[in-house]
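Spelled out from the first residue to the last, the chains are:
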Amino acid sequence: MPPNSAPHDPAPTSAPAAPRIGVVGGGQLARMMLGPAIELGLPLTVLATDPAESAAQGAARVRIGRHDDEEAVRALAAEVDVLTFDHEHVPPRILEGIERDGLAAVRPGPSALVHAQDKLLMRERLSALGHPCPHWWRAVSAADVDAALAEIGAAAGEGAAPAPRAVVKTPRGGYDGHGVRIVSAGGDVADWFEEHDELLVEELVPFTRELSAQVARRPGGEMLAFPVVRSTQKDGVCFEVLAPAPDLSAADQERIQHLALRIAEDLGVTGMLAVELFETTAGEVLVNELAMRPHNTGHWSMEGAVTGQFEQHLRAVADLPLGASAPRAPHAVMVNLLGGSREDLAAGAREAMARDPELKIHLYGKTVRPGRKVGHVTLAGEDPADLLARAHRAERLIIDAVHEEQSA
Ligand code: ADP
């Protein structure tokens with residue numbers, strides 16, 4: 001059993017049993033909340049910037065407006081009970097105003113959400129709380145980046161080859177590797193200092209793999225952890241997830257789940273929290289970043305767990321009892337569909353369905369562009385190597401029209 005902070009269904013609350021949910025942002029994460037919202041009978045309204053956006057295509061209730069337009073976000077808040085998010089880019093002052101004026105419950109609230117919005121604030125707070133992070137520095141100039149590089153070089157020892165390198169990140173607005181650069185001199189990010197007052201510098205962690213730990217937390221504090229998964233990135237974009245992470249001892253799994261639960265509690269998160277982690281050769285884990293919403297590394301749970309992450313997010317923000325997070329099969333895999341050479345994904349999906357009846361396909365209704373996340377596939381079963389091979393075969397078929405016999 002995963003660690004569980006409290007018995008199920010703690011004291012009843014005065015919240016409505018079927019609160020109206022407003023989701024800011026019309027991307028695929030909002031889209032994938034639609035099915036569970038319908039199943040649970042929760043009226044859900046999406047604030048999308050365009051009627052063609054992924055979630056706006058499927059939602060019965062759509063408002064058109066930007067996430068940083070105060071009037072648009074407040075108008076959504078005024079007609080729902082709970083406001084939640086497809087992404088973390090809503091300016092905190094808008095959310096603080098909504099909370100102050102009692103327009104809607106904001107979940108996660110702005111005081112928690114800032115730690116997913118601003119990587120410098122996140123590093124500062126996690127370090128103060130004693131949670132394991134890579135070594136990091138705040139840089140307000142290229143000279144500060146050089147000073148951090150000199151420290152990294154000194155720690156590596158005299159004469160250590162090659163020249164020291166560091167990872168520099170824009171504190172806000174980054175996603176899928178945009179806003180992350182590996183540098184060997186402060187001058188490498190001179191352009192970023194023209195737009196940002198400060199940057200986050202981190203040691204280049206020699207990680208062996210990346211893990212992700214997801215937990216759900218209700219407003220009253222009830223929490224539940226999902227199995228820890230292994231996520232693999234290509235060019236800063238997640239493309240494959242294996243659940244649970246292979247070769248992770250039960251003790252390590254529990255230790256990592258407890259870390260994620262503690263972070264959720266320390267920061268007062270409501271809804272789903274994803275803690276992205278580096279596992280190092282020394283067997284340590286270091287927190288990379290936080291996401292306070294359903295996350296790409298949790299898509300496997302839609303079919304692979306008793307309660308998928310989108311349903312769990314809705315239950316948590318609606319203050320409903322959480323669902324079991326146990327896996328339905330010994331292993332589950334998720335492979336992202338990143339835009340390739342084929343534009344007609346439906347044709348590829350049809351072929352993939354015919355070839356593998358166990359395959360689950362999710363298409364996001366987005367126009368195909370190279371490398372863009374346009375969907376994902378999942379499989380659950382007994383043999384992880386077989387599941388991964390089949391999922392990648394389906395992926396190539398759907399996005400590039402490559403048949404097994406061609407790729408063999
Ligand atoms: P984003 O917000 O774009 O997802 P991340 O901070 O997660 O950015 O970084 C993207 C990827 O870059 C990570 O998944 C990891 O592969 C790599 N990366 C980020 N920080 C470091 C670091 N300190 N050391 C080594 N690799 C890193």
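We now turn to the structure provided with this report. Owing to the predicted nature of the structure, the values given are computational and were not obtained by experimental measurement. (Residues numbered from 1 in each chain as written. Predicted model: local features only at pLDDT ≥ 70, side-chain atom pairs only at ≥ 80, totals over all residues. Heavy atoms only, no water.)

Description of the overall build of the protein
Item 1. Helix and strand content of the protein: 13 helices and 18 strands.
Item 2. Projected onto its principal axes, the C-alpha coordinates of the protein cover approximately 65 × 60 × 45 Å.
Item 3. Across the protein, the fraction of contacts at a sequence separation of at least 24, relative to all contacts at a separation of at least 6, is 64%.
Item 4. Accessible surface, the protein as shown: approximately 17200 Å² in total, 50% of it carbon and sulfur.
Item 5. Looking at the protein, you have 38 positive and 58 negative side-chain charges, and the mean spots of the two groups are 4 Å apart. (Helix = DSSP H or I, 4+ residues; strand = E, 2+ residues; numbered from the N terminus. Contact = heavy atoms within 4.5 Å. Areas by Shrake-Rupley, 256 points an atom, 1.4 Å probe, with all protein chains shown as cover. Lys, Arg positive; Asp, Glu negative; His and termini not counted. Charge placed at Lys NZ, Arg CZ, Asp CG, Glu CD.)

Points about empty space enclosed by the protein
Item 1. Enumeration over the complete set of coordinates arrives at one cavity of 30 Å³ or more.
Item 2. Reported here for the largest cavity is a volume of approximately 30 Å³.
Item 3. Lining the largest cavity are His115, Ala116, Asp118, Lys119, Met122, Glu289 and Leu290.
Item 4. Elements with a minimum of two residues in the lining of the largest cavity: helix 4 (110-117), helix 5 (119-129) and strand 15 (285-291).
Item 5. Looking at the lining of the largest cavity residue by residue, the classes come out as three nonpolar, one polar and three charged. (1 Å grid on protein atoms, 1.4 Å probe; cavity = no way out; pocket = protein on both sides within 12 Å on 5 of 7 lines; lining within 4 Å. Points joined across faces, edges and corners; volume = space filled by probe spheres on them. Nonpolar A, V, L, I, M, F, W, Y, C, P; charged D, E, K, R; others polar.)

As for the site of the ligand
Item 1. Surveying the vicinity of the ligand reveals 18 residues, the closest of which are Lys119, Lys169, Gly177, Val205 and Glu210.
Item 2. In the environment of the ligand, an oxygen atom lies 2.7 Å from a nitrogen or oxygen atom belonging to the side chain of Glu210.
Item 3. Note that an oxygen atom of the ligand is positioned 2.9 Å from one of the side-chain N or O atoms of Asn288.
Item 4. Here the ligand has 550 Å² of accessible area as a free molecule, and 89% of this is covered by the chains.
Item 5. Elements supplying a minimum of two residues to the shell around the ligand: strand 7 (166-169), strand 9 (199-203), strand 10 (207-217) and strand 15.
Item 6. Grouping the amino acids of the shell around the ligand by side-chain chemistry returns seven nonpolar, four polar and seven charged. (Near = heavy atom within 4 Å. Polar contact = N/O pair within 3.5 Å; in protein donor to acceptor, adjacent residues only side chain to side chain.)

Some points on the pairing of strand 9
Item 1. Within strand 9, five of the five residues are buried, which leaves the element mostly enclosed by the surrounding structure.
Item 2. Side chains of strand 9 alternate between two faces, with Leu199, Val201 and Glu203 and Leu200 and Glu202 buried alike.
Item 3. Examined bridge by bridge, strand 6 (residues 136-139) and strand 9 share four bridges and lie antiparallel to one another. Note on strand 9: the bridge partner recorded for Arg138 is Leu200. (Buried < 20%, exposed > 50% of the residue type's maximum accessible area, 1.4 Å probe, protein only. Pairing = 2+ DSSP bridges.)

Some details on the packing of aromatic side chains
Two numbers describe a pair of aromatic rings. These are the distance of the centres and the angle of the planes.
Item 1. Summed over all chains, the structure comprises one aromatic pair.
Item 2. Ring geometry for Phe207 versus Phe278: centroids 4.8 Å apart, planes at 10 degrees, classification stacked. Remark: Phe278 occurs in strand 14 (residues 271-280) and Phe207 occurs in strand 10; sequence separation between them is 71 residues.
Item 3. With a relative accessible area of 34%, Phe207 lands in the partly exposed category.
Item 4. By relative accessible area, Phe278 is classed as buried at 8%.
Item 5. Sitting over the ring of Phe239, Lys234 keeps its end group 4.7 Å from the ring centre. (Phe/Tyr/Trp six-rings, centres within 6.5 Å; stacked < 30°, edge-to-face > 60°. Lys NZ or Arg CZ within 6 Å of the ring centre and 35° of its normal.)

Observations concerning the nonpolar core
Item 1. Of all hydrophobic cores here, the largest spans 44 residues; its most connected members are Leu83, Ile263, Leu273, Leu277, Leu290 and Met292.
Item 2. Sorting elements by how many residues they give to this core places helix 8 (residues 250-267) first, with seven residues.
Item 3. Setting aside chain neighbours within four positions, we find Leu290 in contact with His115, Ala116, Met122, Leu126, Ile263, Leu267, Leu273, Ala274 and Val275.
Item 4. Residues Met32, Leu44, Phe310 and Ala318 belong to the second largest nonpolar core, which totals 22 residues. (Core = buried A, V, L, I, M, F, W, Y, C linked by side-chain atoms within 4.5 Å.)

Let's talk about helix 11 (residues 345-355)
Item 1. Every buried residue of helix 11 is listed here: Leu345, Gly348, Ala349 and Ala352. What you see down the axis of helix 11 is that its buried residues fit within an arc of 100 degrees, all on one side. Residues of helix 11 that are exposed and point over 90 degrees away from its buried face: Arg350 and Ala354. (Arc of directions from axis to C-beta.)

Let's talk about the pairing of strand 13 (residues 237-243)
Item 1. Strand 13 sits mainly inside the fold: seven of its seven residues count as buried.
Item 2. Two elements, strand 12 (residues 229-234) and strand 13, share five bridges in a ladder whose sense is antiparallel. Within strand 13, the position partnered with Arg230 by the bridge is Leu242.
Item 3. Linking strand 12 to strand 13, which pair antiparallel, is a turn of two residues; within it Asp235 sits at a positive phi near 50 degrees.
Item 4. One ladder, built from four bridges, connects strand 13 with strand 16 (residues 331-338); its direction is antiparallel.

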